[in-house]
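# Results of the structural survey
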Amino acid sequence: MSQQITMDQMWEQEYKAGRTKLSRRSFAKLAGITAAGFAALKAQGINLAQANSLDLENGYADGFEDQDEAFWDSCEKYYASCSPECQHHNLCAYVKDGKVLRVGIGLNNESAPCLRGFARIDWLNSDERLTKPLVRDGEKGEGKFKEIGWDEALDLLANKLQEAIDEGGNQSIVFDGHAGNFHSLPGQAASAFIARMGGTMSLTGTLCCAGMNGGFTPIWGQRFNDTRNTIAESDYVLIWGNNPFVAMGGYWERFEACKANGGKLTVIDPVKSESAELSDEWVAIRPSTDGAMALGMLKVIIEEGLQNTEFLLAHTTAPVLIDAEGAKVLLDPEDELSYAVIDSATGELARHDAEGVTALLSAAGTQFEQDYTTVYDLIVAQTQPWTPEAVEAECGVPAETVVRLAREYAAAGKAMIIMNMGGFMRVYYGSDAVANIANLSLFCGQLGARGNGVYDAGGITNICAAKPIFQNPKPLEGLPTVPRVQFAHHVLADDPNPVKVFVSYRESPMTQWPNSGRLKEALKKIPFVCVMDQFMTSTALYADLILPGAAVFETEDLLWSSRSHLIQLSEKAIEAPGEAKDDLWVFGQLAQKMGLGDDMLITNEEAIRRATDSTDYPYDLLKEEKSIDAMPPEFVPYEGGIFKTKSQKAELYQPNWLALDHPGVPTYIKGPEAPGGASGLDTKYPLQAVQRKLMTEVHSTFANLPTMIAAGSGVAHCLINVADADARGIADGDAVKVFNDRGEHSAVAVVTTGIMPGVVGLDNGVWEQHGGSSSYVTNDASGFIAGEHCCNETLVEVALA
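Here is a short report on the structure shown in this document. Remember, it's a predicted structure, so these values are computed and weren't measured experimentally.

What counts and what doesn't
Residues numbered from 1 in each chain as written. Predicted model: local features only at pLDDT ≥ 70, side-chain atom pairs only at ≥ 80, totals over all residues. Heavy atoms only, no water. Salt bridge = Lys/Arg side-chain N within 4 Å of Asp/Glu carboxyl O. Helix = DSSP H or I, 4+ residues; strand = E, 2+ residues; numbered from the N terminus. Buried < 20%, exposed > 50% of the residue type's maximum accessible area, 1.4 Å probe, protein only. Contact = heavy atoms within 4.5 Å. Phe/Tyr/Trp six-rings, centres within 6.5 Å; stacked < 30°, edge-to-face > 60°. Lys, Arg positive; Asp, Glu negative; His and termini not counted. Polar contact = N/O pair within 3.5 Å; in protein donor to acceptor, adjacent residues only side chain to side chain. Axes fitted to C-alpha atoms, helices over the stretch in contact; angles between N-to-C directions. Parallel < 35°, antiparallel > 145°, perpendicular 65-115°, else oblique. Left-handed = near helix turned anticlockwise from the far one by under 90°. Nonpolar A, V, L, I, M, F, W, Y, C, P; charged D, E, K, R; others polar.

Enumeration according to the criterion identifies 39 salt bridges in this entry. Taking the shortest distance from any N to any O, the salt bridge between Arg563 and Glu85 comes out at 2.5 Å. Within this pair, whereas Arg563 is found in the loop between strand 22 (557-559) and strand 23 (566-570), its partner Glu85 is found in the loop between strand 2 (76-81) and strand 3 (90-96), the two being separated by 478 residues in sequence. Here Glu336 makes a salt bridge to Lys646, at a shortest N to O gap of 3.1 Å. Taken together, the positions of Glu336 in the loop between strand 12 (321-322) and strand 13 (340-342) and Lys646 in the loop between strand 24 (627-629) and strand 25 (687-692) put the pair 310 residues apart, joining distant regions of the chain. Its relative accessible area of 48% is what places Glu336 among the partly exposed residues. On the basis of relative accessibility, which here comes to 64%, the residue Lys646 falls in the exposed class.

Take the side chain of Gln512 next. For Gln512, the location among the structural elements is in helix 21 (residues 509-512). Under the relative-accessibility criterion, Gln512 is labelled buried at 11%. Excluding anything up to four places from it in sequence, Gln512 contacts Leu207, His699, Ser700, Asn764, Gly765, Ser775 and His789.

As a further point, take the packing of aromatic side chains. The geometry of an aromatic ring pair comes down to the distance between the two centres and the angle between the two planes. For the coordinates displayed, the defined rule picks out 28 aromatic pairs. Centre to centre, the rings of Trp220 and Phe643 are 5.4 Å apart; their planes meet at 75°, and the pair counts as edge-to-face. One end of the pair, Trp220, is in helix 10 (residues 217-220); the other, Phe643, is in the loop between strand 24 and strand 25, with 423 residues separating them in the sequence. Side by side, Trp220 and Phe643 carry an identical accessibility label, which is buried.

Turning next to the side chain of Asp582. Structurally, Asp582 is set in the loop between strand 23 and helix 23 (583-593). No salt bridge is formed by the buried Asp582; its nearest oppositely charged neighbour, Lys572, is found at 7.1 Å. Engagement of the side chain of Asp582 in a polar contact is seen with the backbone nitrogen of Trp585, the distance being 2.9 Å. In contact with Asp582, other than residues within four places in its own chain, are Ala550, Thr555 and Asn604.

As a further point, take the packing of helix 14 (residues 290-303) against helix 18 (residues 399-411). Where helix 14 meets helix 18, the closest approach of the two axes is 9 Å, and the angle between their N-to-C directions is 65°. In this view, helix 14 runs roughly perpendicular relative to helix 18, as classed from their interaxial angle. Like other packed secondary-structure pairs, helix 14 and helix 18 cross with a definite hand, here right-handed. Facing Met293, Gly296, Met297, Val300 and Ile301 of helix 14, the residues of helix 18 in contact are Val402, Val403, Leu405, Ala406 and Ala410. For the contact of helix 14 with helix 18, the residue count by class is 9 nonpolar, 1 polar and no charged.

With respect to the element layout, Leu596 can be found in the loop between helix 23 and helix 24 (604-612). For Leu596, a relative accessible area of 23% corresponds to the partly exposed category. In the structure, Leu596 is positioned 115 residues away from Ala711 in sequence and 47 Å away in space, judged by C-alpha atoms. The contact partners of Leu596, leaving out residues within four places of it in the chain, are Phe193, Arg196, Met197 and Ala591.

Below you can see the structure in the form of structure tokens.
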């Protein structure tokens, strides 16, 4: 795609065609600073020029776009964090006569907020907000409800919960809230209520990054240690399986600075994403094969002597001995950290952390090779099948590219892997893919200093933590857990028991959980479903009771999270519409109704003071500063090769994996629903579907707002390669159906060379009211190691609608 067209030329094209009403100046801001950024988005079906109420600095209420600065100076100003699962920028609300007229840039941001944050102007002024409790007045899914008062609504919910406990026990209830709101009070209020009730059946496995929990946390000791402050200092950045231009848009300028400083950006992804359009190289890879790609690169690094042996010996368990039973050899059975290694000087066993000992990486050729192997030997064995040619056959990446990328990464002075929320981890063996990719960093010593490392989402909670708001009792013992991605299966099968009440808050399962058709059946089967939300979401359509919630700027809250470096006081600027209430109020009232005590009946200020007043960032300071960047500028994760494990080394061997009939080191296994996989579905459904994030929404949050719909989020797109489209008689812009045995998804075809042949890219998060989510076709298997969400291991067919 050409990047030579100027912003003025781009604006003129869009303005003359009637596709934008923005001024030339606002258009230049909105289009992502550069014509290349705008064109990259437009190629993916998102036309920001249609977002007529926004520029890249503000969102305006209708009729207030042209007010002068004197008018805005006369407004009251309030500050709050944008709280979904994103970058949590601080925003400023301009208020007059109890109405927010403008949402702009707040204080102390790490980077510039994005148009999703500014679109809160639509949110706050929407006439589609829920304003009163609603009870179902028709069939589930019809969207027919009638208004009731809060007393009646809370009595109804309290009675249903108590009936469920009396008839089926606490295990017949499920509460689930996820990533829709990272503010502190809603999650802690829900947890406190559930604990006081005695606990419930719980759902395990995250939708986004269970693979990180399975394949990174036990090896490195901790997640969320981000490297974003030093991206610009890197010489070589591998953007693997994600799209930071969209998902980390506020930080994209740091990637641009990396390039400007002479660094190279390489994107490994089945889709030529916006990030790939703006990087130096796009390496197309077949979905779910990333683990094989990483093993192939590691094989090159090892065989060409490019590994950092000094780092492996000093900071990892690579030289640790493993016996024939798969156990780490200990020199002291009473000390779990007394790992044995072979001393290179004496050829005898020694403790791995003994002073003056330099270990051998391999047991080969020593007196111990018949009885023991080393962790290093086990990892090397996993690389052996993955020659460059084998990687090409499996992954679709040319053999010479595999070799070149391995050499470039290992030879770079400072190399970084950006794997934050990578799509490769949302497959059946996602934990293996994560661990194999992260091992590239460990084997090359590319971590622990500025400009290198492995980027995962990170925030201030790695440095300091807020205090608990409530002291909670322990839940009942023996309550069951089921994988979140298979919740519908368990409900429909009454496994391990019938679910009588489901309460959903801070999420919308109907747009995000896999196999939406089956989930719809489950929601219809559950006798009582309660949804707490601010809009009539796709999930709310299937509720028996809907409780209207207060939004950002309508309630006071705290942002102290694993996603942002900022600690923020979210101020209340206006009253919530109608009778909408925040979660702290709802759960406190519900606890009182059920006789669980009055200790949750506290004000928002008191809750925030409990969380902050015994920290370095007390309420009064936050009230004054609004937003504080608390991350030390010198922070470097795993600095000096010190890990967060008990041994302070990277624990490359995981003995608990053996119980799963899996090696103790990461491997590559073809996924069941991959081409050639055990499911055999590829003979019927030959295309691999992957999910993609959009600039206009966070999951499904914001996707209903008029500004976002105008920019493209109201229409689902299906990216399809030219060859695949031609074979099916599909032209660009055609209405198509994407289908498999799970269901069908309607979309508009985007015919392009910017996606691998045999792969289609589906928009994530389309609301039921706009045609339904791509989750109607996604794989609802629960991954092998950590209950991974397998949405990117999904086989489909595409045809004209």
